[in-house]
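# What the coordinates show
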Amino acid sequence: MRGSGFREHMREGHHRGGRHRGMDGTAQRGAKTFRRGKAISFLEMLHVKRATIKQQLEQPEFQSIQQILIGELKAIDMVIQEFSQLFDIQEGETTEAADSRQEENVHETNE
C-alpha cells in the first residue's frame, strides 16, 4: 500500500496535471498565459481565409469544387467560433486591432 505521503501529494494537485486546475479541482476557464495580440492576429488571418473562400464560392471558375468550398467554409467557421470562445475574444476586438494597425500603416507611409 502507498503511504499517506502519496495521498497528501495527490490532494495538493501535483499528480497528473492537477496544478493546472483551480483550487476546487475544476479546470480554469480560458487560457491565462498567451499573447493576446498574437491570438487576435491569428483570428484575423482566419477571417481573411474565410473571406477568400467566400469570394471563390461566387466565382464561376470554382463552380466544379463548390461543395468542397462550402465544406471548408463551414470548417473555418467552426474553428473561428471555437478559437474565439477558447481565448475569450469578442467580435469587436479583431476589427479594432485591424483598424489600429491600418492607422499605424497610414501614418508610417505619410511620414
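Residues numbered from 1 in each chain as written. Predicted model: local features only at pLDDT ≥ 70, side-chain atom pairs only at ≥ 80, totals over all residues. Heavy atoms only, no water.

### So, the overall build of the protein
For the protein, the helix and strand inventory stands at 4 helices and 0 strands. For the protein, the sequential pattern of α-helices and β-strands runs α-α-α-α. Looking at the protein as a whole, 17% of its 111 residues are labelled buried. A sequence separation of at least 24 residues applies to 65% of the contacts in the protein between residues at least 6 apart. On the protein, roughly 9,300 Å² of surface is accessible, and the fraction owed to carbon and sulfur atoms is 52%. (Helix = DSSP H or I, 4+ residues; strand = E, 2+ residues; numbered from the N terminus. Buried < 20%, exposed > 50% of the residue type's maximum accessible area, 1.4 Å probe, protein only. Contact = heavy atoms within 4.5 Å. Areas by Shrake-Rupley, 256 points an atom, 1.4 Å probe, with all protein chains shown as cover.)

### Here's the deal with the pattern of salt bridges
Per the stated rule, a full pass over the model turns up 1 salt bridge. Among the salt bridges present, the one from R50 reaches D77, with a minimum N-O distance of 2.4 Å. Of this pair, R50 sits in helix α2 (residues 36-58) while D77 sits in helix α3 (residues 66-86), placing them 27 residues apart in sequence. Under the relative-accessibility criterion, D77 is labelled partly exposed at 31%. (Salt bridge = Lys/Arg side-chain N within 4 Å of Asp/Glu carboxyl O.)

### Comments concerning the environment of S41
Inspection of the secondary structure puts S41 in helix α2. On the basis of relative accessible area, S41 is assigned to the partly exposed category, the value being 32%. C-alpha of S41 to C-alpha of T94: the two residues are 53 residues apart in sequence and 7.5 Å apart in space.

### A short note on the nonpolar core
L43, F83 and I89 are the most contacted members of the largest nonpolar core, which totals 13 residues. Those elements that provide at least two residues to this core are α2 and α3. When residues of this core are assigned to their parent elements, the largest contribution, 6 residues, is made by α2. Sequence-distant contacts of I89, that is, excluding residues within four places in its chain, are made with R36, A39, I40, L43, F83, S84 and T94. (Core = buried A, V, L, I, M, F, W, Y, C linked by side-chain atoms within 4.5 Å.)

### Some remarks on the packing of aromatic side chains
Each aromatic ring pair is summarised here by two numbers: the centre-to-centre distance and the angle between the ring planes. What the rule picks out here adds up to 2 aromatic pairs. Ring plane angle 55° and centroid distance 5.1 Å describe the contact between F42 and F83, whose orientation is recorded as tilted. Of the two residues, F42 is situated in helix α2 and F83 in helix α3; the sequence distance between them amounts to 41 residues. For F42, a relative accessible area of 34% corresponds to the partly exposed category. Ring centres 4.6 Å apart and planes at 50° place the aromatic pair F83 and F87 in the tilted group. Both residues of the pair, F83 and F87, belong to the buried class. (Phe/Tyr/Trp six-rings, centres within 6.5 Å; stacked < 30°, edge-to-face > 60°.)

### Brief notes about unusual backbone geometry
Look at D88: it is not a glycine, yet its phi comes out positive at around 55°. Residue placement: D88 occurs in the loop between α3 and α4 (91-110).

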